Amino acid sequence: MNAAVDQAGRIVVVGSLNADLTIYCERLPLPGETVHGNGFAVNPGGKSANQAVAASRLGGSVSLVGAVGEDPNGAMLLSSAARAGVDVGHVRTASEPTGVAVIAVDAGGENNIIISAGANGTLSPADVAEASDVLEQAAVVCLCLEVGMETVLAAAQAGHDAGATVLLNLSPYGEVPEELTALTDVLLVNAHEAALFLGDGAAAPDPGAADSEWDRVRLRFAERGIRQVLVTLGSQGSVVLDSVAPEGSRVVRIAPTTVKAVDTTGAGDAFTGAVAVRLAAGDALAGAAAYASVAAALATTRKGTQAAYPEAADVQRVLRA
């Protein structure tokens with residue numbers, strides 16, 4: 001484990017654990033169409049479990065707060081997270097079955113996903129209160145929207161009260177109350193989610209847009225109370241919009257890491273986990289994003305999610321090169 005990260009404080013991930021039911025095919029089906037698959041796998045997943053495993057494999061000291069069913073999928077998820085070094089002491093066993101995600105992945109690595117919450121839907125503010133021992137030690141609290149909004153709000157408040165950086169991955173997209181934006185320190189969105197969040201029917205700028213256009217987007221986020229934003233752009237890299245940074249470095253483009261993608265499922269979660277690790281280590285947002293760009297790219301070079309996530313040495317090797 002990376003001692004510098006560990007000493008900086010704990011990363012607490014509150015949210016979802018899903019069994020990923022993945023079928024591989026040459027191309028994704030159109031509405032109403034059936035296509036032939038060429039492989040099937042059941043793997044551990046869920047945005048929050050993925051983020052926790054990604055952060056732990058990169059050297060973070062990570063606790064996961066969530067719920068699984070008393071079934072083989074739940075056992076698989078707990079085993080995968082624990083093997084990666086994640087503290088799963090606050091993952092509760094629920095009467096509902098473990099959540100699942102049904103995923104199709106095409107020959108180019110692109111995917112579409114349908115999720116069923118299952119036990120994730122039972123995660124409540126009471127579970128957050130039960131995890132106060134780890135949340136009080138948190139340097140970073142990672143959240144997404146695969147569990148109920150009341151639970152997300154409770155975790156954000158607990159992180160805020162502990163003085164942690166509250167990192168909200170606005171996925172799967174949903175409207176968020178002003179109370180949550182007020183508690184969010186860093187917002188992580190893709191371009192589509194950014195446009196939905198800002199509203200007014202406006203699309204996010206093209207990845208190649210001038211910095212001045214991205215700066216206008218930064219100001220719009222700041223008007224909504226979000227002062228630090230990471231906008232991921234897929235194969236085009238990402239853009240850091242940082243109203244806290246000195247003038248002249250408030251818009252930073254992060255170049256993509258070029259790899260041959262096999263499966264992009266969970267790459268965004270690898271990115272989030274990596275950002276959390278570097279923020280916990282004290283990096284500025286732009287530095288954390290550059291590190292996360294490499295981690296997420298490496299995650300796409302193998303099939304599956306958690307088993308495909310890189311270790312810190314893998315990322316450092318690419319950064320040195």
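Within an unreviewed UniProt entry, the label attached to the protein chain reads Ribokinase, and the organism entered is Pseudarthrobacter scleromae. Looking at the protein chain in UniProt, the text filed under Subcellular location (unreviewed entry) is "Cytoplasm".

As enumerated under the stated definition, the model contains one aromatic pair in all. Judged by centre distance (5.7 Å) and plane angle (15°), the rings of F197 and F221 are stacked. Residue F197 is found in helix α8 (residues 191–198), and its partner F221 is found in helix α9 (residues 211–223); the two are separated by 24 residues along the sequence. The residues F197 and F221 share a single accessibility class, namely buried. The side chain of K303 reaches across the aromatic face of Y24, ending 4.3 Å from its centre.

Let's shift gears to the UniProt feature "binding site: K(+)" (unreviewed entry) in the protein chain. The positions that UniProt labels "binding site: K(+)" (unreviewed entry) are, in the present scheme, D263, T265, A299, R302 and G304. Taken along the chain, the residues just named run across 42 residues; in space they keep tight, none of their C-alpha pairs more than 9.9 Å apart. Here T265 is to be found in the loop between β13 (251–254) and α10 (267–280). Residue class for T265 comes out buried when judged on its relative accessible area of 6%. Excluding residues that lie within four positions of it along the chain, T265 makes contacts with I103, V105, N111, I113, G304 and T305. Only 2.7 Å separates the side chain of T265 from the side chain of D263, close enough to count as a polar contact. For G304, the position within the fold is in the loop between α11 (285–299) and α12 (312–320). Apart from the residues within four sequence positions on either side, G304 is in contact with Y24, N43, D263 and T265.

Rules of the game
- Residues numbered from 1 in each chain as written.
- Predicted model: local features only at pLDDT ≥ 70, side-chain atom pairs only at ≥ 80, totals over all residues.
- Heavy atoms only, no water.
- UniProt positions renumbered as here; feature names shortened; annotations may be inferred.
- Phe/Tyr/Trp six-rings, centres within 6.5 Å; stacked < 30°, edge-to-face > 60°.
- Helix = DSSP H or I, 4+ residues; strand = E, 2+ residues; numbered from the N terminus.
- Buried < 20%, exposed > 50% of the residue type's maximum accessible area, 1.4 Å probe, protein only.
- Lys NZ or Arg CZ within 6 Å of the ring centre and 35° of its normal.
- Contact = heavy atoms within 4.5 Å.
- Polar contact = N/O pair within 3.5 Å; in protein donor to acceptor, adjacent residues only side chain to side chain.

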